[in-house]
Amino acid sequence: MEIKTIPLVKGDGVGPEVTASMVAIIDAAVEKAYGEQRRIVWKEVLAGGKAFETCGTYLPDETLEAFKEYHIGIKGPLMTPVGGGIRSLNVALRQGLDLYVCQRPVRWYKGVESPVKHPEKVDMVIFRENTEDIYAGIEWEAGTPEAEKFYAFLRDEMGVTKVRFPRTSAFGVKPVSKEGTERLVRAACQYAVDHNRPSVTLVHKGNIMKFTEGGFKKWGYELAQREFGDYISSGRLVIKDCICDAFLQNALLKPEEYSVIATLNLNGDYISDQLAAQVGGIGIAPGANINYSTGDAIFEATHGTAPDIAGKNIVNPCSNVLSGVMMLEHIGWNEAAALVEKALEESFSQGYATVDLARLMENGKPLGTVEFTENIVRRIYESK
């Protein structure tokens, strides 16, 4: 038997509920697809509120070590710590393990209601740079000695005169490197080639930020031509770019023109959420954080902890479940992944969904989280 050990963070708020659903559904799919040949062993590790209560820290070293040891993991949503120290546990995990790609596939599932006329035209995979840009967290609060010192450096050493209100200005630094750009664009291009996708679009704001986002565009084109030139010259792969504000409009007006998106950290945040809304909401939006050099990957629910509905058996677990599907595909267990997607689409087509989705469906039949999970598990086992 092939056994895969996968570290698991249950998460905060609704995290334990969506994690329990994911585990039940993924286990069912693996058993149905492979019988006794393959199995997942879930290894719980701590992060977030439970970690703080147990260990006195929001992100224990043991958790990072487990992800490093097994090169894979999955997690529910995590709280944002109050006070100093870690700004975001998600960002800390991405930077601590150098998971430089945030990969977000976005597609429509038949039966899910959408605010747009043709959600079926949305079929994109976003490659969001994960370690640079403003998420590097380099900033200084207005009125602090550090902000004053930074402004003095800009004024006296760099000749900057365009800070309109220096005494009340906060400052941030936006690092964008050639190396960080190249590895992100390389991963996006390789994904497009491997998955027979026709194009990679570099989304940026290089018309204004000429050396950071403009550098991303320049370095991205150069990398693509240098390493994927044969695919480009043969027409197998198209590399193009789009200003980010124009892309957000185009994603609504002509989404069929885009396939793989490579973009910077902040742009990727906006883009991922808008595209998720176009296919029914972030509740069915999966995500992964990947280092394509080391093979390390953490899969995650893309929504928040939603403490107001925690424990009420109403949360939609599909973001975490579909992240589990991405995880199965990452390890090559594609047959099990396909079983989950088939069961979900079948359920949605018949109107069976959690209340957030069912209330918008013409024939919606709302189910609690537990009941929805049981419904999907049953469909997997009955699949032919």
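Everything here concerns the structure above.
Q: How should the sheet that holds strand β4 (residues 101-107) be read in this particular structure?
A: The strands making up a sheet are joined through hydrogen bonds of the backbone, oriented either antiparallel or parallel. If you trace the ten strands from one edge of the open sheet to the other, you get β2-β1-β3-β12-β11-β4-β5-β10-β8-β9, paired in mixed fashion. Edge positions in the open sheet fall to β2 (38-44) and β9 (238-243), since each of these has one partner strand only. Recorded for the sheet is a direction-independent mean angle of 25° between the axes of neighbouring strands. Of the strand pairs in this sheet, strand β1 (residues 2-9) and strand β3 (residues 72-75) are connected by two bridges, and their pairing is parallel. Paired with valine 9 across the strands is lysine 75, a residue of β3. Each of β4, β5 (123-129), β8 (199-204), β9 and β10 (260-263) is contacted by helix α6 (residues 178-194), which is oriented at about 160° to β5, the strand it contacts most. Across the sheet, helix α10 (residues 318-330) lies against β1, β2, β3, β4, β11 (286-290) and β12 (297-301), angled at about 160° from β12, the strand it touches most.

Q: Teacher, can you tell me more about the nonpolar core here?
A: Buried together is how nonpolar side chains tend to be arranged in soluble globular proteins. In terms of nonpolar packing, the biggest core is built from 44 residues, with Ile40, Trp42, Val340, Leu344 and Phe348 touching the most fellow members. Counting residues per element, this core draws most heavily on helix α1 (residues 15-34), at eight residues. Setting aside its immediate chain neighbours within four residues, leucine 344 contacts Cys318, Val321, Leu322, Phe372 and Ile376.

Q: Is there a simple way to explain the side chain of threonine 181 in this structure?
A: Mapping threonine 181 onto the fold places it in helix α6. Setting aside its immediate chain neighbours within four residues, threonine 181 contacts Glu132, Val176, Phe216, Trp219 and Gly220.

Q: Is there a simple way to think about the layout of surface pockets in this case?
A: If a probe the size of a water molecule is rolled over the atoms, the empty space left behind becomes visible. Space inside the largest pocket adds up to approximately 620 Å³. Contributing to the lining of the largest pocket are 29 residues, with Gln103, Pro105, Tyr191, Met326 and Glu329 lying nearest its centre. Put simply, the parts of the chain that give the lining of the largest pocket at least two residues each are β4, β5, α6, β11 and α10. It is α10 that provides the largest number of residues to the lining of the largest pocket, a total of five residues. Here the lining of the largest pocket is composed, by residue class, of 18 nonpolar, five polar and six charged. There is about 370 Å³ of room inside the second largest pocket. Around the second largest pocket sit 23 residues that line it, and Asn90, Arg94, Glu300, Thr302 and His303 are the ones nearest its centre. Broken down by secondary-structure element, the contributors of at least two residues to the lining of the second largest pocket are α4 (89-96), β4, α9 (265-278) and β12. For the lining of the second largest pocket, the element with the most residues is α4, which contributes four residues. Considered class by class, the residues forming the lining of the second largest pocket number nine nonpolar, seven polar and seven charged.

Rules and cut-offs
Residues numbered from 1 in each chain as written. Predicted model: local features only at pLDDT ≥ 70, side-chain atom pairs only at ≥ 80, totals over all residues. Heavy atoms only, no water. Pairing = 2+ DSSP bridges. Helix = DSSP H or I, 4+ residues; strand = E, 2+ residues; numbered from the N terminus. Axes fitted to C-alpha atoms, helices over the stretch in contact; angles between N-to-C directions. Contact = heavy atoms within 4.5 Å. Core = buried A, V, L, I, M, F, W, Y, C linked by side-chain atoms within 4.5 Å. Buried < 20%, exposed > 50% of the residue type's maximum accessible area, 1.4 Å probe, protein only. 1 Å grid on protein atoms, 1.4 Å probe; cavity = no way out; pocket = protein on both sides within 12 Å on 5 of 7 lines; lining within 4 Å. Points joined across faces, edges and corners; volume = space filled by probe spheres on them. Nonpolar A, V, L, I, M, F, W, Y, C, P; charged D, E, K, R; others polar.

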